[in-house]
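# Report on the structure
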Amino acid sequence: MKASGLGCTCGITLVLLSLLAVLHTTTAQKNDISIYSFTVDSKVSSRFAHTVVTSRVVNRAETVQEATFQVELPKRAFITNFSMIIEGVTYPGNIKEKAAAQEQYSAAVARGESAGLVKATGRKMEQFQVSVNVAPAAKVTFELVYEELLKRQLGVYELLLKVQPQQLVKHLQMDIHIFEPQGISFLETESTFMTSELANALTISQNKTKAHIQFKPQKTAGQLDKVLDGNFIVRYDVNRTLSGGSIQIENGYFVHYFAPEGLPTIPKNVIFVIDKSGSMSGRKIQQTREALIKILDDLKPNDQFNLISFSGDVTHWKPMLVPASPENVDQAKRYAANIEAHGGTNINDAMLTAVRLLQSANQKELLSDGSVSLIILLTDGDPTVGETSPARIQENVQKAIDGQYSLFCLGFGFDVSYVFLEKLALDNGGLARRIYEDSDSALQLQDFYQEVANPLLTAVTFEYPDNAVDKVSQDNFRLLFKGSEIVVVGKLRDQSPDVLSAKVKGQLHMQNITFQTESSVAEQEKEFQSPKYIFHSFMERLWAYLTIQQLLEQMVSASGAEKQALETRALNLSLSYSFVTPLTSMVVTKPEGEQRSEVAEKPVETRNKHKNFYTSHHSFSRFPVGDTMHRKTAGPSRRIPSDPWIDSRLRGPPGAPLYPLYHTPGEPDMMLAPSIPGEVLQGEDLRARDVAPARVPAVASDPVTGRLWERKASGNSTDLSQRAKVTSSPAPIQAPPVILMLPGQSVNRLCVDIKHSQGPMKLLSDPDQGIEVTGQYETEKAQFSWIEVTLKNLQLQVRASPEHVVVTQNRRNSAYKWKETLFSMMPGLNMTMDKTGLLLLSSADKVTVGLLPWDGPGEGLRILLRDTDRFSSHVNGTLGQFYQDVLWGPPTEADDSKRTLRVQGRDYSATRLVKLDYQEGSPGTEISCWSVEL
């Protein structure tokens, strides 16, 4: 990896994951609308991101063409500006109160004209789209600006950027500047479009407080010969202390970040309330059971818990809360495994039952002092049994809880009324989250639980001197969880002291605690002087952004005059700082002659169950997924409405796509070589390494005798020097479950057939390497149902199943579907996956472990091992034993295709057979190997 002036790239993690399919480039170029420049510039200053996406196009046709600028941006972001520059004239977007903008929009609709809107796309993104006519030979510059405060979840901040020019671009560049005065402790990037060929186009540099990430492919290097389309994600965290407080000041405004390190976890009392109505049947209830079993395993011994399942009736597992002892957890897992879905949906009685259980335990003094009580509701539908009025249920639950417990609501799928759940949660000190129906729904549930599994503080309040600050945002919070962060912003008074001090008070398990922090105004102001990393008045805009977000959240639970006052404040701030929020809209100015208004609005959740769950006045066609699209303007343009629910199903969530990235026919899939330390590793086909000498179908060389062996019709081998007659194969050749490359014998393969297996197997373990591989082999199906690789030094786990790959690190799960492009570089680990599905985990001086979803004869998961000479003398396990001292016996007198293999004092019979090599992917290549049965 190239380094720039900021310093070394040590500690930088690069993770590349696949998301979107690339559309045919001819679609974007057939009418001669060409993008000649596409740039993304993002400045992250103290967690606040300011992103500018610029696309420059030219009409190379002899007739007027319509160009469409389309960008996806994070849902938490607010658009702040949009403009088009056409032949030197700037056409800006004007942000207005929604009602005023709507008048212009309605007038356009009444005239039969279309209007451009923002719409939701998938889990994390929204799509902005606008079109304009382009005269022959004319150029247009589109520029979109949006801002967001990065939220800390499970220990990291995430900046999500979209790169999808949809055609070859002469100049493409991304620049991300990050400045964190606390110091950057961890940094990684993910991309859907990176390959080893583009590795040198990515430059990451980092010093203590700054990082610069640049992606700039070069035409001269052949890096711009393919269409790029997908996500670019940056994740990072900052240094923290036990005090956990960092006050930063810029241009008269301050931000106080609070996330203390080293605090013990508070014991919790948690009740899981699970919807088992008929609509949960099938995959939903299956994934819920799976998630519950994993979640129950994460309960701590000093926690207490219970399970409530409900349909038309309500059932609780135990009559009271019980400690999370191993015995109780095992019983609860068996109960969860047998939950079946049927009947209606009685949310009201289920919630009141959960509250009564907590109240009873509290009255009997069964809840430990200082513990935290949580209710977690999972449902996929509206109430249909008992009390069915959402408003009355909200009232009943709020009255019953009475501020004593926190309620978290998970809405499964899109039939659920999310607005109902959101108010239910916010009224009771929690939050709501939508669980998207997909192969990783169980992981979504587990990840949410991890966010609330470790409460650190309760009743957190922030105090500042009255003469020092003004216009402070929310300054009291019910709970602080491990891996999250509390943010308070405000304005300094004109005569504020030279040093701003603050106190943060909260309650630990059994005691009160006070954190004190102070910050020099002059020193802090000096910190934010670098124009490369800082955009103008960023902290004032951060203050406005966070204040608006909190006001909008408070509006959910407010009513009457209070709600109107909150709305007025949020609206005024949105207009003052030019944010497109749910209260404002942006009217896009068009050149004369294009009698059409474009209005961009912030999508919000609807109150009904319709699958098109975001309000919008118009939806765009699903098929053009690129930054700039176009069509001829002859005749009226026609847009095809699309359903965001269907969109999300077709597209899949970020990080879990349904479609592959581009592939050039005839070119080999290139992998990242793991054996060159300290360098960006050039493209090398790892699967071809160590095996070339034996790549002769049905023929192989014995490493001991040097004889050539060829398969007989019977499956035995014949010495070719005797010129025996060869007959054809009587049956399809199978791929063995495991092919091992033995150290020091590059042409010698050991094919391992597993005939006896009970429960999970320790396939290999090398404590010196910090590697452990386990797996579950199903002898009836002759395949692995799962394989798990644990890299202990990195605290990273990779679990492969036939459905997907799950990477877990620091309690965070990332799911990847097989045969998606994955290109990852982490400190101490390189991880790649190509479109054949070959996943490789490698690093300098370590053994390379490969996993593959083999779909050829004898389909199932397969394991590969490379660089096996790097195993230490302590390697062991079912497969690891073959990397200890292995002794080959001589061929038998009766049949020289049979030998004895002695491993750690045990003899195995090895037979020379022809097998199918799965290491190259389907359909495989015939090889001769020594076959051993275990």
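Residues numbered from 1 in each chain as written. Predicted model: local features only at pLDDT ≥ 70, side-chain atom pairs only at ≥ 80, totals over all residues. Heavy atoms only, no water.

## Some details on the overall build of the protein chain
Condition: Helix and strand definitions here come from DSSP, where helices need a minimum of 4 consecutive H or I residues and strands a minimum of 2 consecutive E residues; each element is numbered from the N-terminal end. Here the Shrake-Rupley method, with its probe set to 1.4 Å, supplies the accessible areas, and only the displayed protein chains count as covering residues.
Looking only at helices and strands, one finds 12 helices and 55 strands in the protein chain. A total accessible area of about 36,600 Å² is found for the protein chain, and carbon and sulfur atoms account for 49% of it.

## Some remarks on the sheet that holds strand E26 (residues 469–470)
Filter applied, for reference: Here a strand pair is declared whenever DSSP counts at least two bridges between the two strands.
Taken together, the four strands give an open sheet; going across it, the order is E16-E17-E28-E26, and neighbouring strands pair in antiparallel fashion. Because the sheet does not close on itself, it has two edges, and the strands there are strand E16 (245–250) and E26. Strand direction decides the pairing type here: E26 and strand E28 (residues 486–492), joined by two bridges, are antiparallel. Bridge pairing links Val469 to Leu492 in E28.

## A short note on the pattern of salt bridges
Selection criterion: Should a side-chain nitrogen of Lys or Arg be within 4 Å of a carboxyl oxygen of Asp or Glu, the pair is scored as a salt bridge. Here the term buried applies to any residue with accessible area under 20% of the maximum for its type, exposed to any over 50%, and partly exposed to those in between, with areas from a 1.4 Å probe on protein chains only.
One pass over the structure, following the stated rule, counts 29 salt bridges. Of the charged contacts, one joins Arg47 and Glu180 as a salt bridge, the two residues approaching to 2.7 Å between their closest N and O atoms. Highlighted residues: Arg47 in the loop between strand E2 (33–45) and strand E3 (48–59) and Glu180 in the loop between strand E11 (171–179) and strand E12 (184–191), separated in sequence by 133 residues. The residues Arg47 and Glu180 share a single accessibility class, namely buried. Here Arg47 makes a salt bridge to Glu485, at a shortest N to O gap of 2.8 Å. Of the two residues, Arg47 sits in the loop between E2 and E3 while Glu485 sits in the loop between strand E27 (476–481) and E28, which places them 438 residues apart along the sequence.

## What to know about the sheet that holds strand E25 (residues 455–463)
The pairing of strands in a sheet happens through backbone hydrogen bonds and is either parallel or antiparallel. Condition: Note on definitions: angles span 0 to 180 degrees between N-to-C directions of axes, and those axes are lines fitted to C-alpha atoms, for helices only across the stretch in contact.
Sheet architecture is open: four strands sit in the order E27-E25-E29-E30, paired in antiparallel fashion. The open sheet has two edge strands with one neighbour each: E27 and strand E30 (512–520). Here the average twist between neighbouring strands, direction ignored, is 30°. With nine bridges joining them, strand E29 (residues 499–507) and E30 adopt antiparallel strand pairing. Note on E30: the bridge partner recorded for Gln507 is Asn512.

## Quick notes on unusual backbone geometry
Here Gln795, not a glycine, exhibits a phi torsion of approximately 50°, which is positive. Looking at the element boundaries, Gln795 is found in the loop between strand E43 (783–791) and strand E44 (796–800). Unusually for a residue other than glycine, Asn810 sits at a positive phi of about 50°. Secondary-structure assignment places Asn810 in the loop between strand E45 (804–809) and strand E46 (812–817).

## Some details on helix H7 (residues 418–426)
Residues separated by three or four positions in an α-helix point in the same direction, a consequence of the helix having 3.6 residues per turn. Stated formally: The contact rule is simple, with two residues in contact once any of their heavy atoms fall within 4.5 Å.
With seven of its nine residues buried, H7 lies for the most part within the structure. Each element contacted by the buried residues of H7 is listed here: helix H5 (347–363), strand E22 (372–379), helix H6 (390–401), strand E23 (406–412), strand E24 (432–435) and helix H10 (538–557).

## Some points on the nonpolar core
Convention followed: Throughout, nonpolar core names a set of buried Ala, Val, Leu, Ile, Met, Phe, Trp, Tyr and Cys residues whose side chains join them through atoms within 4.5 Å.
Counting residues in each nonpolar core, the largest one holds 63 residues, and the members touching the most others are Leu740, Leu750, Val773, Val798, Leu839, Leu851 and Phe882. Residues contacting Val773, with those up to four places away along its chain left out, are Met761, Lys762, Leu763, Leu764, Ile787, Glu788, Val789, Val849 and Ile863. Core analysis: the next-biggest nonpolar cluster, separate from the first, contains 62 residues, Ala67, Ile79, Phe82 and Phe823 among them.

## Observations concerning the packing of aromatic side chains
To keep it simple, the criterion reads: Note on aromatic pairs: the rings of Phe, Tyr and Trp (six-membered ring only in Trp) are paired at centre separations within 6.5 Å, and the planes decide the class, stacked below 30 degrees, edge-to-face beyond 60, tilted for the rest. We call a charge positioned over a ring when the NZ of a Lys or the CZ of an Arg lies within 6 Å of the ring centre and within 35 degrees of the ring normal.
Tallied over the entire structure, the rule returns 29 aromatic pairs. When the centroid spacing of 5.3 Å and the interplanar angle of 25° are considered together, the rings of Phe305 and Trp317 count as stacked. In this pair, Phe305 is assigned in strand E19 (residues 304–310) and Trp317 in the loop between strand E20 (314–316) and strand E21 (322–323), connecting sequence segments 12 residues apart. With a relative accessible area of 0%, Phe305 lands in the buried category. Residue Trp317 is classed as buried on the basis of its relative accessible area, which comes to 14%. Within the aromatic cluster, the residues linked to one another by ring pairs are Phe48, Phe78, Phe179, Phe528, Phe535, Phe538, Tyr545 and Phe579. Residue placement shows Lys139 over the ring face of Tyr36; its charged tip is 5.1 Å from the ring centre.

## Focus: H10
Stated precisely, the cut-off is as follows: One fewer than the residue count of a helix, multiplied by 1.5 Å, yields its expected span.
Compared with the 28 Å implied by 1.5 Å per residue over 20 residues, the 30 Å span of H10 between its first and last C-alpha is a close match. Burial runs high along H10: 15 of the 20 residues are buried.

## Description of the state of the cysteines
The test is simple: Only a pair of cysteine sulfur atoms within 2.5 Å counts as a disulfide in this structure description.
Enumeration over the complete set of coordinates arrives at one disulfide. Paired through a disulfide, Cys751 and Cys929 show a sulfur-sulfur distance of 2.0 Å. Between Cys751 and Cys929 the disulfide shows an S-S torsion of about -120°. By sign, it is left-handed. Within this pair, whereas Cys751 is found in strand E40 (residues 749–753), its partner Cys929 is found in strand E55 (residues 925–933), the two being separated by 178 residues in sequence. In terms of burial, Cys751 and Cys929 fall into one category: buried.

## What about the pairing of strand E13 (residues 202–206)?
Counting buried residues in E13 gives five out of five residues, a clear majority hidden from the surface. Of the two faces of E13, both are covered, the one formed by Leu202, Ile204 and Gln206 as well as the one formed by Thr203 and Ser205. Pairing of E13 with strand E14 (residues 210–215), which is carried by five bridges, proceeds in the antiparallel orientation. Note that in E14 the partner of Ser205 across the bridge is His212. Hairpin remark: E13 followed by E14, antiparallel, with three residues in the connecting loop.

## Remarks on the environment of Trp854
Checked against the element boundaries, Trp854 lands in strand E50 (residues 848–854). Here Trp854 falls in the buried class, since its relative accessible area comes to 3%. Between the C-alpha atoms of Trp854 and Thr836, which are 18 residues apart in sequence, the distance is 8.9 Å. Those residues in contact with Trp854 that sit more than four places away from it in its chain are Ala735, Glu859, Gly860, Arg862, Leu916, Tyr918, Gly921, Ser922, Pro923 and Gly924.

## Details of the packing of H10 against helix H11 (residues 560–576)
Inclusion rule: We call two directions roughly parallel when the angle between them is under 35 degrees, roughly antiparallel when it is over 145, roughly perpendicular when it lies between 65 and 115, and oblique otherwise. Crossing chirality is assigned from the near helix's rotation relative to the far helix, an anticlockwise turn below a right angle marking it left-handed and a clockwise turn marking it right-handed. Side-chain classes follow a simple rule in which Ala, Val, Leu, Ile, Met, Phe, Trp, Tyr, Cys and Pro form the nonpolar group, Asp, Glu, Lys and Arg form the charged group, and the remainder, Gly included, forms the polar group.
Running from N to C, H10 and H11 point in directions that differ by 155°, and their axes come no closer than 9 Å. In this view, H10 runs roughly antiparallel relative to H11, as classed from their interaxial angle. Two packed elements cross with a definite hand, and for H10 against H11 that hand is left-handed. Two secondary-structure elements touch here, H10 through Trp543, Thr547, Ile548, Leu551, Leu552, Gln554 and Met555 and H11 through Lys563, Leu566, Glu567, Arg569, Ala570, Leu573 and Ser574. A per-class count over the contact of H10 with H11 returns eight nonpolar, three polar and three charged.

## Describing the packing of H7 against H10
Where H7 meets H10, the axes come as close as 8 Å, and the angle between the chain directions of the two elements is 95°. Classified by the angle between their axes, H7 and H10 sit roughly perpendicular to one another. Residues Glu422, Lys423 and Leu426 of H7 form the contact with H10, whose participating residues are Glu553, Val556 and Ser557. Grouping the constituent residues of the contact of H7 with H10 by class yields two nonpolar, one polar and three charged.

## Digging into the environment of Val587
When you line up the elements, Val587 lands in strand E31 (residues 584–588). For the pair Val587 and Asn94, spaced 493 residues apart in sequence, the C-alpha to C-alpha distance is 5.1 Å.

## A short note on the pairing of strand E49 (residues 839–842)
Burial of E49 is two-sided: the residues Leu839 and Leu841 facing one way and the residues Leu840 and Ser842 facing the other way are all buried. In this structure, strand E48 (residues 829–833) lies alongside E49, joined through four bridges in antiparallel fashion. Directly across from Met831, in E49, lies its bridge partner Leu841. Between E48 and E49, which pair antiparallel one after the other, the connecting turn spans five residues, and Gly837 there sits at a positive phi close to 100°. Where E49 and E50 come together, three bridges link them in antiparallel fashion. Across the sheet, the residue bridging to Leu839 is Leu851, located in E50. The antiparallel hairpin formed by E49 and E50 contains five residues in its connecting segment, where Asp845 sits at a positive phi of about 65°.

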